[in-house]
Amino acid sequence: MITDRQKAILDLIVDIFTQTQEPVGSKALQELINSSSATIRNDMSALEKLGLLEKAHTSSGRMPSITGFQYFVENSLTLTQVAEHHIYQVLKAFDDTFFTIEDLLQRAADVLAELTGYTAVALDVEPSRQKLTGFELVTTTTHTGLAVFTLDDSSTITSQFALPKNLLPTDLMTIRRLVHERFIGKTVLDIHYRLRTEIPQIVQKYFTTTDNVLDLFEHLFRDIFEEKIMVAGKVKLLDFADFETYHYLDQIQLVSREIREGLTEDQMQVVKVADSRSSNLAQLTVISQKFLVPYRGHGILTLIGPISLDYKRMVSLVNLVNQVLAMKLTDFYRYLSSNHYEVN
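Everything quoted here is computed from the prediction, not taken from an experiment.

K.L.:
Sorry if this is basic, but what is going on with the overall build of the protein here?
P.N.:
Assigned secondary structure in the protein consists of 13 helices and 10 strands. In terms of C-alpha radius of gyration, the protein reaches 26 Å, well past the compact-globule figure of 20 Å for 344 residues. A principal-axis box enclosing the C-alpha atoms of the protein has dimensions of 90 × 40 × 30 Å. Sorting the 344 residues of the protein into buried and exposed places 48% on the buried side. A sequence separation of at least 24 residues applies to 61% of the contacts in the protein between residues at least 6 apart. Element-wise, carbon and sulfur atoms account for 51% of the exposed surface of the protein, whose accessible area totals about 17,900 Å². Taking the 33 positively charged and 43 negatively charged side chains of the protein as two groups, their mean positions are separated by 2 Å.

K.L.:
Help me understand the UniProt feature "domain: Heat-inducible transcription repressor HrcA C-terminal" (unreviewed entry) in the protein, please; the structure alone is not making it clear to me.
P.N.:
According to UniProt, the "domain: Heat-inducible transcription repressor HrcA C-terminal" (unreviewed entry) feature falls on residues 102-315. As annotated, residues 102-315 comprises 37% helix and 26% strand, and the C-alpha atoms at either end are separated by 23 Å.

K.L.:
Which parts of the structure should I look at to understand the domain arrangement of the protein?
P.N.:
Frequently, the measure chosen for interface size is the accessible area that the parts lose on association. Split by domain assignment, the protein resolves into domain 1 (4-76), domain 2 (84-126 + 227-339) and domain 3 (130-225). Computed from C-alpha atoms alone, the centre-to-centre distance between domain 1 and domain 3 is 61 Å.

K.L.:
Can you walk me through the pattern of salt bridges in this structure?
P.N.:
Two side chains of opposite charge can pair, provided their charged atoms sit close to one another. One pass over the full model with this rule turns up 21 salt bridges. When the shortest N-O distance is used, the salt bridge between Arg-260 and Glu-227 registers 2.8 Å. Highlighted residues: Arg-260 in helix α12 (residues 252-261) and Glu-227 in the loop between α10 (211-221) and β7 (229-232), separated in sequence by 33 residues. Accessibility assignment for this pair places Arg-260 and Glu-227 in one class, buried.

K.L.:
Sorry if this is basic, but what is going on with the environment of Ser-278 here?
P.N.:
Structurally, the position occupied by Ser-278 is in the loop between β8 (269-273) and β9 (285-293). Note: C-alpha distance between Ser-278 and Glu-258 (20 residues apart in sequence) is 7.0 Å. When sequence neighbours within four positions are dropped, the list of residues in contact with Ser-278 reads Tyr-248 and Glu-258.

K.L.:
What should I look at first to understand the pairing of strand β6 (residues 155-162) in this one?
P.N.:
The side chains of a regular strand alternate, first on one face of the sheet and then on the other. Burial along β6 is one-sided: the residues Ser-155, Ile-157, Ser-159 and Phe-161 are buried and none of Thr-156, Thr-158, Gln-160 and Ala-162 is. Bridge count between strand β5 (residues 144-151) and β6: 8 bridges; the pairing is antiparallel. Each residue of the ladder has a partner; that of Ala-147, found in β6, is Ser-159.

K.L.:
Looking at this structure, how should I read the sheet that holds β6?
P.N.:
Backbone-to-backbone hydrogen bonds pair the strands of a sheet. The strands run either parallel or antiparallel. What the 3 strands build is an open sheet, ordered β4-β5-β6; its pairing is antiparallel. Sheet topology places β4 (132-139) and β6 at the edges, where each strand pairs with a single neighbour. Between one strand axis and the next, the sheet turns by 15° as a mean value, whatever way the strands run. Against the sheet, α10 makes contact with β4, β5 and β6, and its axis sits at roughly 145° relative to β6, the strand it touches most.

K.L.:
So what exactly am I meant to see when it comes to a nonpolar patch on the surface here?
P.N.:
Together, Ile-87, Leu-91 and Met-327 line one region of the surface with nonpolar side chains, adding up to about 250 Å² of accessible area. Residue position: Met-327 is located in helix α13 (residues 311-343).

K.L.:
Sorry if this is basic, but what is going on with the environment of Phe-217 here?
P.N.:
One can find Phe-217 in helix α10. Spatially, the C-alpha atoms of Phe-217 and Gln-30 are 70 Å apart, while their sequence positions differ by 187 residues. With near-sequence residues (within four places) excluded, Phe-217 lies in contact with Ile-175, Val-179, Phe-183, Leu-195, Ile-199 and Val-203.

K.L.:
For this particular structure, what's the right way to read the packing of helix α8 (residues 188-197) against helix α9 (residues 199-206)?
P.N.:
Packed helix pairs are characterised by how far apart their axes lie and by the angle those axes make with each other. One way to put it is that α8 packs onto α9 with a least axis distance of 4 Å and a crossing angle of 55°. Considering the angle they form, α8 stands oblique to α9. Each of Arg-194, Leu-195, Arg-196 and Thr-197 in α8 lies in contact with α9, whose residues at this interface are Ile-199, Pro-200 and Gln-201. Grouping the constituent residues of the contact of α8 with α9 by class yields 3 nonpolar, 2 polar and 2 charged.

K.L.:
Can you walk me through the sheet that holds β7 in this structure?
P.N.:
Sheet architecture is open: 5 strands sit in the order β7-β3-β10-β9-β8, paired in antiparallel fashion. Taken across any chain shown, the strands that pair with only one partner, and hence form the sheet edges, are β7 and β8. In this sheet, neighbouring strand axes are inclined to one another by 15° on average, regardless of whether the strands run parallel or antiparallel. Bridging between strand β3 (residues 119-123) and β7 involves 4 bridges; their strand directions are antiparallel.

K.L.:
Can you help me understand helix α4 (residues 66-75) in this one?
P.N.:
Two residues of an α-helix separated by three or four positions point the same way, owing to the 3.6 residues in each turn. Turning to α4, its buried residues are Gly-68, Phe-69, Phe-72 and Val-73. Down the axis of α4, the smallest arc covering the buried residues is 135°, so these residues share one side.

K.L.:
Got a minute to help me understand the packing of aromatic side chains in this structure?
P.N.:
Centre-to-centre distance and the angle between the planes together describe a pair of aromatic rings. Tallied over the entire structure, the rule returns 12 aromatic pairs. Residues Phe-94 and Phe-98 carry aromatic rings whose centres are separated by 6.2 Å and whose planes lie at 45° to one another, so their mutual orientation is tilted. Across the pair, Phe-98 and Phe-94 agree in class, each one buried. Ring plane angle 70° and centroid distance 6.4 Å describe the contact between Tyr-295 and Tyr-333, whose orientation is recorded as edge-to-face. Pair noted here: Tyr-295 is in the loop between β9 and β10 (297-305) and Tyr-333 is in helix α13, with a separation of 38 residues, a long-range link. Members of the aromatic cluster, connected to one another through ring pairs, are Phe-135, Phe-149, Phe-183, Phe-217 and Phe-221. The ring of Tyr-246 carries Lys-234 above its face, with NZ or CZ at 4.3 Å from the centroid.

About the thresholds
Residues numbered from 1 in each chain as written. Predicted model: local features only at pLDDT ≥ 70, side-chain atom pairs only at ≥ 80, totals over all residues. Heavy atoms only, no water. Helix = DSSP H or I, 4+ residues; strand = E, 2+ residues; numbered from the N terminus. Rg over C-alpha atoms; globule rule 2.2 N^0.38 Å. Buried < 20%, exposed > 50% of the residue type's maximum accessible area, 1.4 Å probe, protein only. Contact = heavy atoms within 4.5 Å. Areas by Shrake-Rupley, 256 points an atom, 1.4 Å probe, with all protein chains shown as cover. Lys, Arg positive; Asp, Glu negative; His and termini not counted. Charge placed at Lys NZ, Arg CZ, Asp CG, Glu CD. UniProt positions renumbered as here; feature names shortened; annotations may be inferred. Domains from an automatic or database assignment. Salt bridge = Lys/Arg side-chain N within 4 Å of Asp/Glu carboxyl O. Pairing = 2+ DSSP bridges. Axes fitted to C-alpha atoms, helices over the stretch in contact; angles between N-to-C directions. Patch = residues over 30% accessible without salt bridge, like charges linked within 9 Å, V, L, I, M, F, W, Y side chains within 5 Å. Parallel < 35°, antiparallel > 145°, perpendicular 65-115°, else oblique. Nonpolar A, V, L, I, M, F, W, Y, C, P; charged D, E, K, R; others polar. Arc of directions from axis to C-beta. Phe/Tyr/Trp six-rings, centres within 6.5 Å; stacked < 30°, edge-to-face > 60°. Lys NZ or Arg CZ within 6 Å of the ring centre and 35° of its normal.

Here you go:
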């Protein structure tokens, strides 16, 4: 347990160090703490013994340890006022026409990476929770076709395929009907289960040769199980992480799982300081915040940076981009809903 004065000293050292990246001495704190230099040095020594500060090899100053950063995040982190030009920059970046939710998420990641100088990731609603609301099959040539999936009345996925030689046009209509009967209105998680339990039995009732049809089902539905993850500022990782972490971001499913598992169901924001389960992120800071996707659930906006980042500023910038993104998503879905109403 640390005293109020020791907490104030730790907070100031974290604040000064994240601004300057230089160890902090007692003299730099004397004007800010109403105590003598000797008292401040004693408190700094006590904080060092507790593992919250560590001594720099090249000077008599102290800097926060990983444990010190973690203590600061848990006990002292608050939002700061964002500079007016940053607010203008974010609003201007979103003042555009967005045709898909992926465009919006990518813009959010791009803006956050540019504002912070770190790596940003944006996740859509978890795939397993999305519902299939539309499905169409069309032939594009005599040998190829196209499947069009609509998830949550807003997100479209297309899948091109080669027509099996033994498949007739009427067979495609049968597949379309089966999908509409069995899958429309179902969650992706439910569809994944039914593809492996119900569909093999049902296909036997309608097709003499089933292998090609089952393979086609597998191919068509493969993409709707994939995570949608938008990354920006990936190359900036090399400023504070290694090549292994850089390449780790190519493994979309692993990255999204790490981010999602870092937030509990009732958490809207989390700041993880050297606390990620993945070894590739274990020595970094990961700031994640959920945003509401109207009618569908929550996405996640994440910032990945070094342990010594300016926590107050970075959390405030994540919050700013998150709020503007949520506002634009509300407008996006309101537009979709109004158009849907007009068509009907």
